[in-house]
Amino acid sequence: MHAVNSPAVTAAARPRLTWFTFASPANFYRLAGVLGPVCGLVAAAFAVAGLWMGFFVAPTDAVQGEVYRIIFIHVPAAWLSMVLYVAMAFWAAMGWFLNARMAFIFARAIAPTGALFTVLALWTGSLWGRPTWGTWWVWDARLTSELILLFLYLGYMALVAAIDDTRRADKAGALLAIVGVVNVPVIYFSVVWWNTLHQGSSLTMGKEQHMASTMLVAMLLLTLACWAYAFAVVFVRARAIVLEREGDTAWARALVAQSNQG
Amino acid sequence: MQWHSLSEFLAMGGRGGFVWGAYGTMALLMLVEPLLARRRHRAARIAIVERMADEQAARAAANLPRTRP
């Protein structure tokens, strides 16, 4: 370091903030410890606002009556299930190509939350389909590709859990995650490419919306709530994985020892 | 607001079971998942503490003079 002989030794000794600062598990651990609870609070605030809009402001649907209100959580859950898969595959790829420790940790931390939203998308969709379509389930392209997404998440989690060597598990999981990403556009465009029982997109960029604006706002608020929730819980899980992997490092031991004294 | 009573709100136009089944499951799972994640975090901390204690005990045992005849 060039700063050794400079008068600003103390300032230079402090780590500078760069793009790679939080690629360090120790720095990420501290940052996520702050950001996690903040995201949780943001999620709760958006959830309250969205539920209020969804149940007390948005009108009754002219065709479907009240049961359409499932849309306010069904669509956010489905979006998050796809977005989180892409995020998981992205970090898996980053880990693969850059050999970055934190990237693999992110990929692993995202998977269970993605699987949760996939289950919720399927479950809320089923509860919506029964009264409106007359069936819990059909093997149409949208539903089937979403079910495959769930299997991809479960497959990824089972694969990384089954391999004892962490680095090999990370790489094997990354390969599965990256290959599986082709399923995401299939889900998204399934209602366009095939004739599905599932309705078309509720929101289309650049087109005039056919939803009442209060319905749209409720759905977007709950989407933001789900996003913030996903960040919060992924941060907690990523911190847990950091400790699991860095348990032999001095910083992790100092941190644990310190908090045990307090 | 379109609801005139609590029971009307809960009934959701006769589809209450579907609506609350969806919202209830979502709420339940989104409460349970953070708890599981936090438990995993706590378990990771405890594992480190235990490993440190084990190592300390091993070091202490190694340094002690053996009293066996």
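The written sequence of each chain sets the order in which its residues are numbered from 1. Just so you know, chain letters begin at A and ligand numbers begin at 1, following the order they were written in. In keeping with the predicted nature of the model, local features appear solely for residues at pLDDT of at least 70, side-chain atom pairs appear and are counted solely at 80 or more, and the whole-chain, interface and lining totals rest on all residues.

(A) Spotlight on the overall build of chain A. Secondary structure counts use DSSP, requiring at least four H or I residues in a row for a helix and at least two E residues in a row for a strand, with both numbered from the N terminus. For chain A, the count of helices and strands is nine helices and zero strands. What you see in chain A, going N to C, is helices and strands ordered as α-α-α-α-α-α-α-α-α. For chain A, the residues scored as buried account for 39% of the 262 residues in total. For chain A, long-range pairs separated by at least 24 residues make up 77% of all intrachain contacts whose partners lie at least 6 apart in sequence. For every residue, the other C-beta atoms within 10 Å of its own C-beta are counted; 20 or more classify it as buried, 12 or fewer as exposed, and values in between as partly exposed. C-beta atoms are placed from the backbone. Distance between backbone-placed C-beta atoms decides contact: two residues are in contact if it is within 7 Å.

(B) Highlighting the overall build of chain B. The number of helices and strands found in chain B is two helices and zero strands. For chain B, whose C-alpha radius of gyration is 28 Å, the value lies well above the compact-globule estimate of 11 Å for 69 residues. Based on the C-alpha atoms only, the size of chain B along its principal axes is roughly 85 × 20 × 15 Å. Radius of gyration here is computed from C-alpha atoms only, and the compact-globule reference equals 2.2 Å multiplied by the residue count raised to the power 0.38.

(C) Broad picture of helix 6 (residues 166-180) of chain A. Residues and elements named next belong to chain A. A helix's residues, less one, multiplied by 1.5 Å, set its expected span. Helix length check: helix 6 (15 residues) gives 21 Å between terminal C-alpha atoms against 21 Å at 1.5 Å per residue, within 8%. Of all the residues in helix 6, the buried ones are Asp170, Gly173, Ala174, Ala177 and Gly180. For helix 6, the buried positions fall inside an angular range of 130 degrees around the axis, keeping them on one side. Opposite the buried face of helix 6, at more than 90 degrees from it, the exposed residues are Arg167, Arg168 and Val179. Residues of helix 6 that are buried in the fold lie against helix 3 (71-98), helix 4 (101-133), helix 5 (141-162) and helix 7 (183-193). The arc in question is the one spanned by the directions pointing from the helix axis to the C-beta atoms.

(D) Structural view of the environment of A:Leu84. Residue and element names in this part refer to chain A. With respect to the helices, strands and loops of the structure, Leu84 is situated in helix 3. A tally of 25 C-beta atoms within 10 Å means that Leu84 is categorised as buried. Here the alpha-carbon distance between Leu84 and Leu150, two residues 66 residues apart in the chain, equals 12 Å. Contacts of Leu84, omitting those with residues within four sequence positions, involve Ile110, Thr113, Gly114, Phe117 and Ala230.

(E) Examining the nonpolar core more closely. Residue and element names in this part refer to chain A. Only buried residues count toward a nonpolar core: Ala, Val, Leu, Ile, Met, Phe, Trp, Tyr and Cys, linked into one set through C-beta atoms within 7 Å. Ranked by internal contacts, the top residues of the largest apolar core, which has 82 residues, are Ile70, Met88 and Ala107. For this core, the leading source of residues is helix 8 (residues 213-246), giving 20 residues. Those residues within four positions of Met88 in sequence are excluded, and the remaining contacts are Ala107, Ile110, Ala111, Gly114 and Ala177.

(F) Examining the interface of chain B and chain A more closely. Taken together, the contact pairs 27 residues of chain B with 31 residues of chain A. Split into classes, the residues belonging to the side of chain B that touches chain A amount to 16 nonpolar, five polar and six charged. Gly counts as polar in this scheme, as do all residues outside two lists: the nonpolar Ala, Val, Leu, Ile, Met, Phe, Trp, Tyr, Cys and Pro, and the charged Asp, Glu, Lys and Arg.

(G) Examining the packing of helix 5 of chain A against helix 6 of chain A more closely. Residues and elements named next belong to chain A. Axis separation between helix 5 and helix 6 bottoms out at 8 Å; the angle between their running directions is 165 degrees. Taken together, the axes of helix 5 and helix 6 are roughly antiparallel relative to one another. Our pair here, helix 5 against helix 6, has a crossing hand that is right-handed. Contacts from Leu152, Gly155, Tyr156, Leu159 and Val160 in helix 5 reach Ala169, Asp170, Ala172, Gly173, Leu176, Ala177 and Gly180 in helix 6. Residues that form the contact of helix 5 with helix 6 fall into these classes: eight nonpolar, three polar and one charged. To define axes, lines are fitted to C-alpha atoms, for helices over the stretch in contact only, and angles between the resulting N-to-C directions are given on a 0 to 180 degree scale. Should an angle fall under 35 degrees it is called roughly parallel, over 145 degrees roughly antiparallel, and 65 to 115 degrees roughly perpendicular, with every other angle called oblique. In this scheme the crossing of two helices becomes right-handed for a clockwise turn of the near helix relative to the far one and left-handed for an anticlockwise turn of less than a right angle.

(H) Region of the structure containing the confidence of the model for chain B. Overall, the predicted model of chain B reaches an average pLDDT of 90, with 91% of residues at or above 70. The ipTM, which scores confidence in the relative placement of chains, is 0.87 for this predicted complex, and the corresponding pTM is 0.89. Per-residue confidence from the predictor is reported as pLDDT, which spans 0 to 100.

(I) Region of the structure containing helix 4 of chain A. All names here are of chain A. Given a rise of 1.5 Å per residue, 33 residues ought to cover 48 Å, and the 47 Å separating the end C-alpha atoms of helix 4 matches this to within 8%. The largest bend along helix 4 measures about 30 degrees and falls at Ala111, with the proline Pro112 one to four residues further on. Of all the 33 residues making up helix 4, 25 are buried; the element is thus mostly covered by neighbouring parts of the structure. Just past helix 4, the residue Gly134 takes up positive phi, approximately 85 degrees. Consider a residue and the seven residues that end there alongside the seven that start there; fitting an axis to each set, the bend is the angle between those axes.

(J) Quick peek at unusual backbone geometry. Here A:Asn99, not a glycine, exhibits a phi torsion of approximately 55 degrees, which is positive. Here A:Asn99 shows up in the loop between helix 3 and helix 4. Positive phi, close to 50 degrees, is recorded for B:Met12, a residue that is not glycine. Its location among the elements puts B:Met12 in the loop between helix 1 (6-11) and helix 2 (16-63).

(K) Quick peek at the environment of A:Val42. All names here are of chain A. For Val42, the location among the structural elements is in helix 2 (residues 25-57). C-beta crowding within 10 Å serves as the criterion here: with 17 such atoms nearby, Val42 is assigned to the partly exposed category. Between the C-alpha atoms of Val42 and Trp91, which are 49 residues apart in sequence, the distance is 24 Å.

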